[in-house]
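Each chain is listed here by its residues.
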Amino acid sequence: MTIDAHDEGVELHDLSSVSGDELALAGISHHGRTRSARVRELIVELWHDKAGFIGVCFLSMLVVSAVFAPLVAPHDPRQQDLVNRVQPPAWSDGGDWSFPLGTDGLGRDVLSRLIYGARVSIFVGLAVLVVAGLAGVLLGLLAGYRGGRTDRVIMRIVDTQVAFPGLLIAILMASLIGPSIRTVVIVLAINGWMIYARMTRGVVLSVKETDYVEAAEIIGCKARRVMWRHILPNLAAPITTLAVIEFARIVLAEAALSFLGVGVKRTDISWGLDVASGQDQIFNSWWLVVMPGILISLTVLSVSLVASWLRVIADPQEREKRFAATQIRRGARDDG
Amino acid sequence: MGLFALRRIGQGLFVVVAATVVVFLLTRAFTDPVGFILPLEATEAERAAREVELGFDRPIIVQFGDYVEDLSRGDFGESLWQPGRPTIDIIGQTLPKTLKLVAAGMTLAIGLALPLGMIAARRPGGLLDRVLVTISLIGLSMPQFFVGLLLIIVFAVQLRWLPVGGYGGFKHLLLPAIALALPAVGRLTMVVRSAMIDELNSQYVLVAKAKGLPTRAIYTKHAFRNAGVQVLTLSGWEITRALAGFTVVVEKVFAWPGFGFFALEAIQRRDIFLLSTIVLVAAILVVVVNVVIDILYKLIDPRIEVS
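Residues numbered from 1 in each chain as written. Chains lettered and ligands numbered in written order. Predicted model: local features only at pLDDT ≥ 70, side-chain atom pairs only at ≥ 80, totals over all residues.

Q: Outline the overall build of chain A, listing residues and values.
A: A count of helical and extended segments in chain A gives 15 helices and zero strands. Taken over 336 residues, chain A has a buried fraction of 40%. (Helix = DSSP H or I, 4+ residues; strand = E, 2+ residues; numbered from the N terminus. Buried ≥ 20, exposed ≤ 12 C-beta atoms within 10 Å, placed from the backbone.)

Q: Could you give me a rundown of the overall build of chain B, with the residues and numbers involved?
A: Regarding its fold elements, chain B presents twelve helices and zero strands. Put simply, chain B runs from its N terminus to its C terminus through helices and strands in the order α-α-α-α-α-α-α-α-α-α-α-α. Judged by the C-alpha coordinates and their principal axes, chain B covers about 80 × 55 × 30 Å. Considering chain B as a whole, with its 307 residues, one finds that 39% of them fall into the buried category. Taking all contacts inside chain B whose residues are at least 6 apart in sequence as the whole, residues at least 24 apart take part in 74%. (Contact = placed C-beta atoms within 7 Å.)

Q: An account of the interface of chain A and chain B is requested, with residue identities and associated values reported.
A: Counting from both sides, the interface comprises 34 residues of chain A and, opposite them, 37 residues of chain B. Breaking the side of chain A that touches chain B down by element, the ones donating at least two residues are helix H8 (166–177), helix H12 (236–260), helix H13 (271–279), helix H14 (287–314) and helix H15 (316–335) of chain A. With ten residues, the top contributor of residues to the side of chain A that touches chain B is H8 of chain A. When the residues that make up the side of chain A that touches chain B are grouped by side-chain class, the tally is 26 nonpolar, seven polar and one charged. (Nonpolar A, V, L, I, M, F, W, Y, C, P; charged D, E, K, R; others polar.)

Q: Can you lay out unusual backbone geometry for me, pointing to particular residues and giving the numbers?
A: Residue and element names in this part refer to chain B. Unusually for a residue other than glycine, Arg-160 sits at a positive phi of about 55 degrees. In this structure, Arg-160 sits in the loop between helix H7 (144–158) and helix H8 (170–200). With 9 C-beta atoms packed within 10 Å, Arg-160 lands in the exposed category. Phi is positive for Arg-270, close to 55 degrees, though the residue is something other than glycine. As for its position among the elements, Arg-270 is in the loop between helix H11 (259–268) and helix H12 (272–300). Residue classification places Arg-270 among the partly exposed positions, given that 17 C-beta atoms sit within 10 Å.

Q: Explain the packing of helix H7 (residues 148–162) of chain A against helix H9 (residues 181–208) of chain A residue by residue, including any values.
A: Residues and elements named next belong to chain A. Here H7 crosses H9 at 135 degrees, and the two axes come no closer than 10 Å. Compared by their axis directions, H7 and H9 come out oblique. Where H7 crosses over H9, the handedness of that crossing is left-handed. Contacts between H7 and H9 involve Ile-154, Val-158, Gln-161 and Val-162 from the first element and Met-194, Ala-197 and Arg-198 from the second. (Axes fitted to C-alpha atoms, helices over the stretch in contact; angles between N-to-C directions. Parallel < 35°, antiparallel > 145°, perpendicular 65-115°, else oblique. Left-handed = near helix turned anticlockwise from the far one by under 90°.)

Q: Kindly report on the environment of Ser-92 of chain A, identifying the contributing residues and their values.
A: Among the structural elements, Ser-92 of chain A can be located in the loop between helix H5 (69–72) and helix H6 (110–146). Residues Ser-92 of chain A and Gly-102 of chain A, spaced ten residues apart in sequence, show a C-alpha to C-alpha distance of 9.5 Å.

Q: Account for the environment of Arg-229 of chain A, with residues named and values stated.
A: When you line up the elements, Arg-229 of chain A lands in helix H11 (residues 223–231). Between the alpha carbons of Arg-229 of chain A and Val-303 of chain A there is a distance of 30 Å; along the sequence they are 74 residues apart.

Q: Please give an account of the nonpolar core that cites residues and values.
A: Among the nonpolar cores identified, the biggest contains 162 residues, and Leu-168 and Ile-171 of chain A together with Ala-263, Ile-278, Val-279 and Ala-282 of chain B are the most heavily contacted of them. For Ile-171 of chain A, the residues in contact, after removing those within four places along its chain, are Leu-260 and Val-262 of chain A together with Val-248 and Ala-263 of chain B. (Core = buried A, V, L, I, M, F, W, Y, C linked by C-beta atoms within 7 Å.)

Q: Quick one: what's the story with helix H10 (residues 215–254) of chain B, residue by residue and with numbers?
A: Given 3.6 residues to a turn, an α-helix orients residues that are three or four positions apart in the same direction. All names here are of chain B. Along its 40 residues, H10 runs just 44 Å from first to last C-alpha, ending more than 12% under the 58 Å computed at 1.5 Å per residue. At Phe-246, H10 shows its largest bend, some 55 degrees. Note on H10: the residue one or two positions beyond its end, Ala-255, has a positive phi of about 45 degrees. (Expected span 1.5 Å × (residues − 1). Bend = angle between axes of the 7 residues up to and from the residue.)

Q: Can you tell me about the packing of helix H5 (residues 87–122) of chain B against helix H6 (residues 127–141) of chain B, naming the residues and giving the values?
A: Residue and element names in this part refer to chain B. Put simply, H5 and H6 touch, their axes get as near as 7 Å, and they point 140 degrees apart. Judged by the angle between their axes, H5 and H6 are oblique. The hand of the H5/H6 crossing is left-handed. Seen from H5, the contacting residues are Leu-116, Ile-119 and Ala-120; seen from H6, they are Leu-128, Asp-129, Leu-132 and Val-133. Tallied by class, the residues present in the contact of H5 with H6 amount to six nonpolar, no polar and one charged.

Q: So what about the environment of Pro-59 of chain B? Which residues, and what values?
A: For Pro-59 of chain B, the location among the structural elements is in the loop between helix H3 (44–54) and helix H4 (60–72). On the neighbour-count criterion, Pro-59 of chain B (8 C-beta atoms within 10 Å) is exposed.

Q: Go over the confidence of the model for chain A with me, naming the residues and quoting the values.
A: Atom-level detail of predicted coordinates should not be read off regions where pLDDT is low. All names here are of chain A. Mean pLDDT over chain A stands at 82; residues scoring 70 or higher make up 88%. At the low end of the mean pLDDT range in chain A sits helix H1 (residues 10–19), at 38; at the high end sits H6, at 93. Note on residues 1–31: pLDDT is under 50 here. Beyond four places in sequence and across chains, it has 34 contacts. (pLDDT = per-residue confidence, 0-100.)

Q: Kindly report on H4 of chain B, identifying the contributing residues and their values.
A: For H4 of chain B, spanning 13 residues, the distance from its first C-alpha to its last is 18 Å, which sits close to the expected 18 Å at 1.5 Å a residue. Gly-74 of chain B occupies a position one or two residues after H4 of chain B and carries a positive phi of about 80 degrees.

Here's what the structure looks like:
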């Protein structure tokens, strides 16, 4: 049985770092549940939120097929097949099940391209989250904990940049740097770090005044230790929810940049690029635009569903509201 | 109030100045403007000649001085793509078209989201609410270019009711406006809904109900007034985001000749001066919208303070 100090709430976490006595920690633990029990509880809760459950399922499927794309995809996504050009999806007239979602103007399999395209979307999403998140959290911690001039300078930069025409500046930057996956990551990270900084600073300001942070300071913890071990854990829940919402925004932004031709390279495989190239053939082959479009929408939708589920489980008040709502509905059903 | 407005305008000016500096540094210092303008196969000599011609060989601080001086005279530079033509001239021609599209799209978005959100908030968790929430979620998940292309496939290619694209009257405006509006309708409906639910659950609404006010009065006079502050902020946010990027996408899909469309043309034609003028003008517009919204905000709710 392992006890996860990180998950046991802030007070305990603090005790462990002050006393350093793992046994005392285990003894005091008021709900010493194992990690597997927590996971099981989480799954049960996920099952209750049907929308969130569907979202998680779709995203897992997407991630698995992206990771194992060479095994999952029926064709090589770059393989041109001039005999089977502009084949419609399998279920419509003239379709063929060897190309389930049809082929494009060069005879490349649409389904395979979508599966490989997921790699770019997911990679860009995660990379931007890491870069923007790290930068934003670090600067937010610094602003909130140091206060004074550091705080004023950082927050002034945040406020100013928030008031910029974000996507247009992203387009300008991306076109100047030149299209590539790296460009998209850089541009979108610069475009999105501010929101993490703001949230982090807010949390730090509210936590800074608590007794346990003061206690840590009194016993002589260094600023860095206070920031990392005592303040940072409070950020886990809000930052996770924020990161999930941001992921949806990044997937949309990457698709938009690639659609406009300033995102990834022309030779890369991306949903946005596929929509752009399908636009020229919109009069006779609708599926070239519709298939990647639907996939982008479904991905963003699933992420939003997961985000709203996360928001509920991370917030006790929301949790209570939801519980009350189901009780009322159940009561109404019994009455009627 | 006057002081509030002045301070807010001062902050806005600061943002404009910052945007000018950022655009300048992005286009002259942090990237290689000559590399952007010239084709890949250009020789070193050609590059050097072009650098001198455009003044990019001078020290960056001298360039910045000149840039600011030109801007202060209202001179935004000449287009490279259409030599001899001031970039601001192209803006003057394209900006009204973008504003028309954004105005139409956002009117549609706010006009739809307000009633839909309020209807959904009447019975949270009810059938109508769940249907509206689902539709909103689907709407806000769709990228504008996909909405636009779907509309083209259905209404222009299949039904042939409306034109595929281009600039013109109401018929040309309809599809792009819907494409710009739909994701915003989804987001705004959710905001109106949750703001209204919060207000309807508050004590003062209970009092209003208890003293027997008609539901309609509670909705319009009490709850909506208070929810309006949040709705206004988010509407302003939608307008700025539409101006500062989403129009580019929609204008590309429908070949609508606004400044977003020309920003993409500028990239294609390697016209760095036109591109930076467009970004700068968009920054000014975004600041103006933000300042106006904040002042309106203060008029609705005098408790707000400038941070």
